[in-house]
Every structure is written in C-alpha cells, then in structure tokens.
Amino acid sequence: MIMKYLSFLLLFTAMSFAATAQNSDAIVGKWINSSGEAHIEIYKKSDKFFGKIVWLKAPKDEKGNVKTDVKNPESSLKSRPILGMEMLTGFVYDDGKWEDGKIYDPKSGKTYSCTMALKSNGDLNVRGYIGVSFIGRTDVWKKAK
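Quick look at the structure, then. Here the structure is a predicted model, which means the values were calculated and not measured.

The final tally for this structure, using the stated rule, is three aromatic pairs. An angle of 20 degrees between the planes, with centres 6.4 Å apart, marks the rings of tyrosine 43 and phenylalanine 50 as stacked. Of the two residues, tyrosine 43 and phenylalanine 50, neither departs from the other in class, the shared state being buried. Among the aromatic residues, those joined into a cluster by ring pairs are Phe49, Tyr93 and Trp98. Above the plane of the ring of phenylalanine 50 lies lysine 45, whose end atom (NZ or CZ) is 4.3 Å from the centre. Taking NZ or CZ as reference, lysine 52 lies 5.9 Å from the ring centre of tyrosine 43, over its face.

Right, here's the structure in full:
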C-alpha cells in the first residue's frame, strides 16, 4: 500500500514539474507585434527569457540604409542595426507570468520594466511601464505561424 502511494506521489510530482516547465516555455517562439511592423523571437537562456527582432516590415530607411538604433541615448549603440537587436531581457517565469524583465523601444530609445502574460486565446500581453505596472502600456502580440 505504501509503495503504491509513493509511486503515485512520485508520478504526480514528476507531472507537476513537467507542466510547470511546459508553461514557462509557452512564450518561446516567434511573435508579431500589434502593428505588424516586427517579428520578435522569444527564447530561453538558462532560466531567463529574452527576445530579439528577427524581421522588420521596413528594414531600411527612406535612403535605403539599414535602420539603426539612432534614438538610443548611448552614442556607441546608435549605429547598431535594429534587425537582430535584443529588445526583451531578463524575464523570469512566475505563476503564469513572465516578470522582472525589460523591454527596449527602438522608436523612442527608452527601456521600460516589463511583464508578459499569455491570454486564453494564445495572444501575448506585453506590458511596459515605469515604476508601477498600472502606469504603462500593453501591446498584444500574436504568435507567428
């Protein structure tokens, strides 16, 4: 009887860990921002999540030059290409949300605190904010096919 109980307990524990790992990796993959201007690939490094721009609708400026991070306040980064740029950094999965991360907006050159959460329909709420979460803006990303 005890062996049966222990076997059940071990199986349940293993299934719980597998479900948690599966949930934490649910955001891994390519996403399309709400404007459709960019595709962002979210990936995992160690136990944290990051994202980089892997596609731009308009990768070149009006002169035909590759778009660079001209709005960045750090002068040494102004010449880096936007395509390939890591814009999501340091997210940790906690109870159905990805928190404690940062999001960089190349259109403004600003970095914001950020949380992400999957909606029941599979869309991703990406909320950037300064200070407290309720003072911010949410962008809804769709999974790329």
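Attention shifts here to the pattern of salt bridges. Pairing of side chains with opposite charge becomes possible as their charged atoms draw close. Tallied over the entire structure, the rule returns five salt bridges. Note that glutamate 37 and lysine 107 form a salt bridge whose closest N and O atoms lie 2.7 Å from each other. Pair noted here: glutamate 37 is in the loop between strand 1 (29-32) and strand 2 (38-45) and lysine 107 is in the loop between strand 5 (97-105) and strand 6 (110-118), with a separation of 70 residues, a long-range link. Take lysine 107: its relative accessible area is 57%, and that puts it in the exposed class. Ionic pairing is found between aspartate 69 and arginine 80, a salt bridge with its closest N-O pair at 2.9 Å. Of this pair, aspartate 69 sits in the loop between strand 3 (48-56) and strand 4 (86-94) while arginine 80 sits in the loop between strand 3 and strand 4, and the two are eleven residues apart along the sequence.

Conventions and cut-offs
- Residues numbered from 1 in each chain as written.
- Predicted model: local features only at pLDDT ≥ 70, side-chain atom pairs only at ≥ 80, totals over all residues.
- Heavy atoms only, no water.
- Phe/Tyr/Trp six-rings, centres within 6.5 Å; stacked < 30°, edge-to-face > 60°.
- Buried < 20%, exposed > 50% of the residue type's maximum accessible area, 1.4 Å probe, protein only.
- Lys NZ or Arg CZ within 6 Å of the ring centre and 35° of its normal.
- Salt bridge = Lys/Arg side-chain N within 4 Å of Asp/Glu carboxyl O.
- Helix = DSSP H or I, 4+ residues; strand = E, 2+ residues; numbered from the N terminus.

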